[in-house]
Each structure stands twice: as C-alpha cells, then as structure tokens.
2 protein chains.
Amino acid sequence: MQRTRGRAPTGGRADALSQELIVEAAVALLDELGERGLTFRLLAKQLKTGPGALYWHVSNKDELVALAADQVLGHAFAADPGSGEDAGSGLRALAVAVFDALDRHPWAASHVSAPPTLANALRLLDRIGTLVAGTALPAERHFEVATAISYYITGVSAQIIAPRTVHDATVSRDAFLARTARRWEALDAADYPFLTRATEHLRDHADRDQFTTGLDLLLGGLNTAAGPRPPV
Amino acid sequence: MQRTRGRAPTGGRADALSQELIVEAAVALLDELGERGLTFRLLAKQLKTGPGALYWHVSNKDELVALAADQVLGHAFAADPGSGEDAGSGLRALAVAVFDALDRHPWAASHVSAPPTLANALRLLDRIGTLVAGTALPAERHFEVATAISYYITGVSAQIIAPRTVHDATVSRDAFLARTARRWEALDAADYPFLTRATEHLRDHADRDQFTTGLDLLLGGLNTAAGPRPPV
DNA sequence: ACCTGAACACCGTTCAAGT
DNA sequence: ACCTGAACACCGTTCAAGT
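The structure presented is a predicted model; accordingly, all values stated were derived computationally and were not measured.

About the cut-offs
Residues numbered from 1 in each chain as written. Chains lettered and ligands numbered in written order. Predicted model: local features only at pLDDT ≥ 70, side-chain atom pairs only at ≥ 80, totals over all residues. Heavy atoms only, no water. pLDDT = per-residue confidence, 0-100. Helix = DSSP H or I, 4+ residues; strand = E, 2+ residues; numbered from the N terminus. Contact = heavy atoms within 4.5 Å. Near = heavy atom within 4 Å. Polar contact = N/O pair within 3.5 Å; in protein donor to acceptor, adjacent residues only side chain to side chain. Salt bridge = Lys/Arg side-chain N within 4 Å of Asp/Glu carboxyl O. Buried < 20%, exposed > 50% of the residue type's maximum accessible area, 1.4 Å probe, protein only. Domains from an automatic or database assignment. Buried area = accessible area lost by both parts, 1.4 Å probe. UniProt positions renumbered as here; feature names shortened; annotations may be inferred.

### Topic: the confidence of the model for chain A
Keep in mind that low pLDDT regions are not for reading the predicted coordinates in detail. Residue and element names in this part refer to chain A. For chain A, mean pLDDT is 90; residues scoring 70 or higher make up 90% of the total. Mean pLDDT values for the elements of chain A range from 83 in helix H8 (residues 163-167) up to 98 in helix H2 (residues 40-46). In this model residues 1-12 is a low-confidence stretch, pLDDT under 50, and it forms 16 contacts with partners more than four residues away in sequence or in other chains. Every residue in residues 228-232 is under pLDDT 50, and counting partners more than four places away or in other chains gives nine contacts.

Okay, structure coming up:
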C-alpha cells in the first residue's frame, strides 16, 4: 500500500522512480491528452521504464488519476490569498481558487471526491471548516455547513468544467453552446416554457459567473442561518 | 445520428432492437455490475444479438451511458409530487426527488452533465426555471439562479453518491467511513485543527441530510437575494 | 434498413525473471 | 527493494457480408 515516498532516499539511482515523479508526469499527460490519452505504456515510455515498474509505486490507474487530481487541487492553495479577512470573503476566495485550478486542468474536476482522503482534499475541508468555525453559526452546525460548502465547491465546479473534457477535443465551447441554444430554440414552447426563452442567456454566460452566482447564494444563506449577527 | 426511434414501427420483427430497448437493458446491467461491468458484448448477449448491432442505435458507449443516466433522471419526475405549493417547497421536493433517483442508481450520478441536452435533463432545468420565475427575484436573474440550483442538485448529488460506485463493491459504506474517520484522527491536530475534532460527525452523517443542508442554505439565500418580500 | 460476428487495435494488469 | 517486458485477458469499435 504505502510503497516508496521521497525521492531516492540516499544511495538510490539518480533516475529512480517515485510516486511524485509518476504523478507529475501523469498530470502532464492528462493535460495534453486527457484521461483516455493517459496510458501506462505511454507514461512508462516518458519515464523510460516498462509499464510494470509503475505498479510498484501506484496500485492502479484509478489511484494514479486520483493522486493527479489531488495534485491539481493543491494548486488552489498557492493561488489563494489566505486568511486575514472575514470568513465570508475567505471562503469565497478559496472557492474561486479551487474553481480556477480545476478550470486549468479539466480532467481533474470529476475526480475530486468526497469525503476527502487525499492530502490536498483534506487541507481544503479543514480550511473551510476553520473559516466556518469563525462564524456566528452554532458549533454543532460547523461540520455539516463546512461539508455543504465543500461539496458545492467541488461538485458544482465538476458540473461546469467536466463537460469540456468531452467536447473540447472535437468542438469549441462556443460552437457547443451555440448548437445547444439552437436545440433549445427548437423545443416546443408549451413543454419547455422556460428554456425556449432562455437561449440568449445560455450563449452569453460565463462559466465562472455561474459558479459564483450559486456560491453567493449559498454564502448568503449562511447569514440567514446564523441570525442577525456580525457578517460571516 | 438520429437512427431508429419508436418500437418496431409496423412490419418490423417482434424482437427488433430499438434505442429504448438497448438503454433499458443497459440500465439493468449498470445497476447490477456498474459502469465497468457494462460491456457491448454482454449487452448484446442479453439482447440476443451481436455487438455490432448496437452501434446502429447508439453511436458509442459514452452516448449509451449518458442516455441511461438521463433515463434515471426521469424517475425523479415520477416521484416528485409536482407543483401546487410555493416555489421554495416545489424546488426542495424536486431536488430531493432527483437525489433519491440517483441514489438508487449510483453509476448515473456522475453522468448527468450540464448544460442539459437530453430529454429529462432539459425537463428538469425547465421545471426549476419555471419555479424560480414564480419568485420575487427580478426576471433578469431567473436564468442564472435556475442554473445555479440545477448545478447544485446534480453536482452535489454526484459528489455524495458517486464515491459509492468505487467502494461499494469491495467495502461497505460504514467500513469506509470508519476507516476514513480513523485516518482523520491520526492527522496532526496542528495541521488539521478542524478535521481531527470532526470525526464523530463523519461517522454519524447521513448522506441525504448533507444534501439538504446545503440545499436549504442555497434556497435560504434566495430569500435574501429577493429582498423582504413573500417567501420564495 | 437493420443485423451478424469475426477481426483490428488497442487497453490495464500480472508476474517470472532479473539487478 | 525495485525494475523489466512479455504475456494474459480483456475492451470498444469497425466493417464486409448477409437478410
């Protein structure tokens, strides 16, 4: 299970493999070729070994992709300005940093899963929880609220970002939205009264704004839940 | 693209294939064996044909799974009591119906993707939009708010439900939570001040409550956003 | 128009053998 | 302890041939 950590702990060959090295190379391949493009054969070739060698450091492809996605999640902490402000703005900044990190590595979005078990996912939930704990909310609600926020961040990011991994290779985002808008327009207005009038919004929408709209609703709900006390 | 619809439009053989038949059989196999267990060879055998025949009705496995997931989403409408109440309770009932439908078919959770293009996903967003339109919110915000709610429902459901498809075959949910709780306890309290104290909440938590906690926060935020008018 | 099934071009993963 | 690479047991998908 644990296998090697650390890089060539002394006396190892200079070009020794390690889980870090493998995950790093996997991220690069995933960025370039997507999840289907990542292959143990190809990855092994890049690292100048045989496919079997990789299995000494990761137990299978699922674990490898999960580790790679957690690596991407880690980028968010580098971008996040960190605390120093009130809980509300801290949560918002953190959420946006996660969205942006996943936005740059779309294949990762659908692989950040709950409850967290990997290093950076754990860090994320802990940070959210600590911010929530600095709120007017009663202590017994901290965990459920922190979890709800964490689920929103990763779940909604995945909803918005993951579809890109399917289409982007073949059609551009704009072309996809335009085609979808045309399909909505062609629907029967009696069956779909809302969608048939909403197509211009679909064409114009910015993904990041979609994410923050719901986020602000959720964080706004926090104020309500906490009662009329200092802003969260 | 379009291929056959409808079942044996007259003069067809009684046992003729159709997309509906294929999707129905796929749902059954997905329920039983999960996404990896669904195989064109196996599916063809169940339907007493060769694998090639399926490609006349669906273009590939991705499309088949997407259609199967949309089928599952359709179950939610059967369960939903429907309108007759205010927007807030209507949205809540619809959201919970979707969660429960996905809960019964966990493999589907990660395949409901946005923006909607398939029949039931379209219906869902239209229904949410219609409910939101019956709110005090200004009209120009209807689309973004409806989308935000829709993203919450499918995205957070997927976060909560999808992990089960990975573990359930090997370990039970309780065993997984217990193991995760133990890992959290073993973390350094200085690095993870929140998580190390939260493990009992993790063990006790009910998935469905996690979903509704965030949902109520989000819907509560709607009241704030709409100003002090009649409840949404 | 729709079905058949063999064949192609891959995969992830294992494992005996090496160093 | 770690690496090698051939081999196993599959896949999704295609396509010439049938009805």
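There is more to say, and it comes next.
### Points about the protein's contact with DNA strand C
By nearness alone, 19 residues border DNA strand C, and A:Arg41, A:Lys61, B:Thr49, B:Gly52 and B:His57 come closest of all. Sugar and phosphate atoms constitute 55% of the interface atoms of DNA strand C, taking the interface as everything within 4 Å of the protein. Contacts to DNA strand C include A:Lys61, whose backbone N or O atom sits 2.9 Å from a phosphate oxygen. Looking at the surface near DNA strand C, the elements that each hand over two or more residues are H2 of chain A together with helix H3 (51-54) of chain B.

### Thoughts on the pattern of salt bridges
A full pass over the atoms with the stated rule returns 16 salt bridges over all chains. B:Asp216 is the salt-bridge partner of B:Arg92, the closest N and O atoms lying 2.8 Å from each other. One end of the pair, B:Arg92, is in helix H5 (residues 87-104); the other, B:Asp216, is in helix H11 (residues 207-226), and 124 residues separate them in sequence. Taking relative accessible area as the criterion, B:Arg92 reaches 33% and is therefore assigned partly exposed. Across the pair B:Glu144 and B:Arg141 runs a salt bridge whose closest N-O atoms are separated by 2.8 Å. Using a relative accessible area of 25% as the deciding quantity, one classes B:Glu144 as partly exposed. By relative accessible area, which is 23% here, B:Arg141 ends up partly exposed. Bridged by salt links that share partners, the residues A:Asp103, A:Arg164, A:Arg173 and A:Asp207 form one connected network.

### Let's talk about the domain arrangement of chain A
Residue and element names in this part refer to chain A. Domain boundaries assigned for chain A yield domain 1 (1-59) and domain 2 (81-225). The distance between the C-alpha centroids of domain 1 and domain 2 comes to 31 Å. Listed per partner, the contact involves four residues of domain 1 and four residues of domain 2. Across the interface of domain 1 and domain 2, roughly 370 Å² is buried in total on both sides, 58% from carbon and sulfur atoms. A per-residue breakdown of the area domain 1 buries against domain 2 is headed by Leu30, Asp31 and Glu35, which together make up 84% of the total. Joining domain 1 to domain 2, the criterion identifies zero salt bridges.

### Focus on the UniProt feature "DNA-binding region" (unreviewed entry) in chain A
According to UniProt, the positions carrying the feature "DNA-binding region" (unreviewed entry) are residues 39-58 of chain A. Split by type, residues 39-58 of chain A is 55% helix and 0% strand. Its first and last C-alpha atoms lie 14 Å apart.

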